[in-house]
Amino acid sequence: MRALVQNSFGDPSEVLTVQEVPDPRPGPGQALVRVLLSPIHNHDLWTVRGSYGFKPEMPARAGTEAVGVVEALGEGVTGLEVGQRVATGGTFGAWAELIVAPAAALVPVPEGLGDEAAAQLVSMPFSAIALLDFLEVSEGDWIVQNAANGAVGRLVAQLAAARGVHVLGLVRRAAGVDELREEGIEQIVATDDDGWRDRVREIVGEAPLVAGVDSVGGAAAGDVVSLLADDGVLVVFGAMASPTLEIGSGDVIFKQVVIKGFWGSKVFAAMPAEKRGALMGELVAGIGSGALTLPVEKVYPLEEIADAARANFEPGRRGKVLLRP
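Values in this document were obtained by computation on a predicted structure and should not be read as measured data.

K.L.:
Help me out: how do you make sense of the side chain of threonine 47 in this one?
P.N.:
Within the secondary structure, threonine 47 is located in helix α2 (residues 42-49). Once residues lying within four places of it in the same chain are set aside, the contact partners of threonine 47 are Phe9, Tyr52, Phe54, Pro56 and Phe92.

K.L.:
I tried to follow the nonpolar core on my own but got confused; where do I start?
P.N.:
Most often, soluble globular proteins keep nonpolar side chains buried together rather than apart. Of all hydrophobic cores here, the largest spans 41 residues; its most connected members are Leu135 and Ile143. Mapped onto this core, the elements with two or more residues apiece are α3 (115-118), α4 (123-134), α5 (151-163), β11 (209-214) and α11 (273-289). Ranked by residues supplied to this core, first place goes to α4 with seven residues. Setting aside chain neighbours within four positions, we find isoleucine 143 in contact with Leu132, Leu135, Val137, Val156, Val165, His166, Val167, Leu168, Leu209 and Ala211. With 17 residues, the next largest nonpolar core counts Val200, Val204, Val224 and Leu227 among its residues.

K.L.:
For this particular structure, what's the right way to read the sheet that holds strand β8 (residues 142-145)?
P.N.:
In any sheet, the strands associate via hydrogen bonds between backbone groups, in a parallel or an antiparallel arrangement. A sheet is described by the order of its strands in space; here six strands give the open sequence β10-β9-β8-β11-β12-β13, paired in parallel fashion. One side of each edge strand has no neighbouring strand; the edge strands of this open sheet are β10 (188-190) and β13 (258-261). Within the sheet, the average angular offset between the axes of one strand and its neighbour, ignoring direction, is 20 degrees. Lying over the sheet, α5 contacts β8 and β9 (166-171), oriented at roughly 170 degrees with respect to β8. Of the strands in this sheet, β8, β9, β11 and β12 (233-236) touch helix α8 (residues 219-227), which is tilted by about 170 degrees from β11.

K.L.:
Help me understand unusual backbone geometry in this model?
P.N.:
Of all residues except glycine, most have a negative phi; of all peptide bonds, most are trans. Look at the link from methionine 58 to proline 59: it is a cis peptide, with omega at -10 degrees. Among the secondary structure elements, proline 59 is positioned in the loop between α2 and β4 (66-73). Even without a glycine there, the phi angle at glutamate 136 is positive, about 55 degrees. Relative to the elements of secondary structure, glutamate 136 occurs in the loop between α4 and β8. Owing to a relative accessible area of 68%, glutamate 136 belongs among the exposed residues under this scheme. Even without glycine at this site, aspartate 231 takes up a positive phi of about 65 degrees. Looking at the element boundaries, aspartate 231 is found in the loop between α8 and β12. The exposure class assigned to aspartate 231 is exposed, which follows from its relative accessible area of 57%.

K.L.:
Whenever I open this one, the pattern of salt bridges confuses me. Can you help?
P.N.:
Any two side chains of opposite charge can pair, so long as their charged atoms come close to each other. Enumeration over the complete set of coordinates arrives at 15 salt bridges. A salt bridge links arginine 163 to aspartate 133, with the shortest nitrogen-to-oxygen separation between them at 4.0 Å. On the criterion of sequence distance, the pair formed by arginine 163 in helix α5 and aspartate 133 in helix α4 is long-range, its members being 30 residues apart. Among the residues examined, arginine 163 registers a relative accessible area of 27% and is labelled partly exposed. Between arginine 181 and aspartate 178 there is a salt bridge, with its nearest N and O atoms 3.2 Å apart. With arginine 181 and aspartate 178 both in helix α6 (residues 174-182) and three residues apart, the pair spans about one turn of that helix. Assessed through its relative accessible area of 42%, aspartate 178 is described here as partly exposed. A single salt-bridge network, built from bridges that share partners, covers Asp133, Arg163, Lys275 and Glu282.

Each value, and the rule that gives it
Residues numbered from 1 in each chain as written. Predicted model: local features only at pLDDT ≥ 70, side-chain atom pairs only at ≥ 80, totals over all residues. Heavy atoms only, no water. Helix = DSSP H or I, 4+ residues; strand = E, 2+ residues; numbered from the N terminus. Contact = heavy atoms within 4.5 Å. Core = buried A, V, L, I, M, F, W, Y, C linked by side-chain atoms within 4.5 Å. Buried < 20%, exposed > 50% of the residue type's maximum accessible area, 1.4 Å probe, protein only. Pairing = 2+ DSSP bridges. Axes fitted to C-alpha atoms, helices over the stretch in contact; angles between N-to-C directions. Salt bridge = Lys/Arg side-chain N within 4 Å of Asp/Glu carboxyl O.

In structure tokens:
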């Protein structure tokens, strides 16, 4: 079969190539899945660069999420059928024609949910709903997040609205405000405007911002902390611009701000099965009703991974970049 493989860490547009590799076979408790579509996530490309928390041994495959069709079942597998569409969000090596995954980790795709949405069902939407859950906020509360026009930012805003939680979104350019408004997401402020803090107060008024999410790093993290109320919580979700947080010590000391990290792999592993099931049900219901949207920017073949990787970081991207084996 064909798969994307890297022989060394580096720029994804340079080190990933399509190679012929042996077809995998499912062992006990596993399923063989023929991949239909697989999304590119930031953490996938950070893994290729060697800058993520997980560092595979070389040579290595890439990609972690996919939607596909079950081709074969290993010994002892129940609850799945050959020919059934399934999604997976944690199968390393997903950028390939075939993958083997633990059957228990596969999510059956409901009839009526398209492949493009199903390909994104697990990682980003589940991260977004788990992140919102991690913030421990209640109906009527206000939170603030940067990278509001990113995939997780959009989903957090939509999920929070369904729960009655108010979200102030920060973006780095004015065009991002209009993009989100077209999707029905309001309460967005562009930080490239000198008067952006005044705009924040116009939106929020005197309501306290009890929690914040930083996905950018650098000075952007400090901007989020500066808006938090006393005893506010900053959750660090990503580092798109910088691996270093530039946060004023006064904000932390005098407001008693708490800073925590969110890494899906650890949060998901510690989450009870009942909680995971409930959150996934909330996601599927939201997508089915149209309250949650999972737009796609473009679909690329594996051979165009260099262009696809570059497209992932293009400013103004409005949807996920997907790969089709």
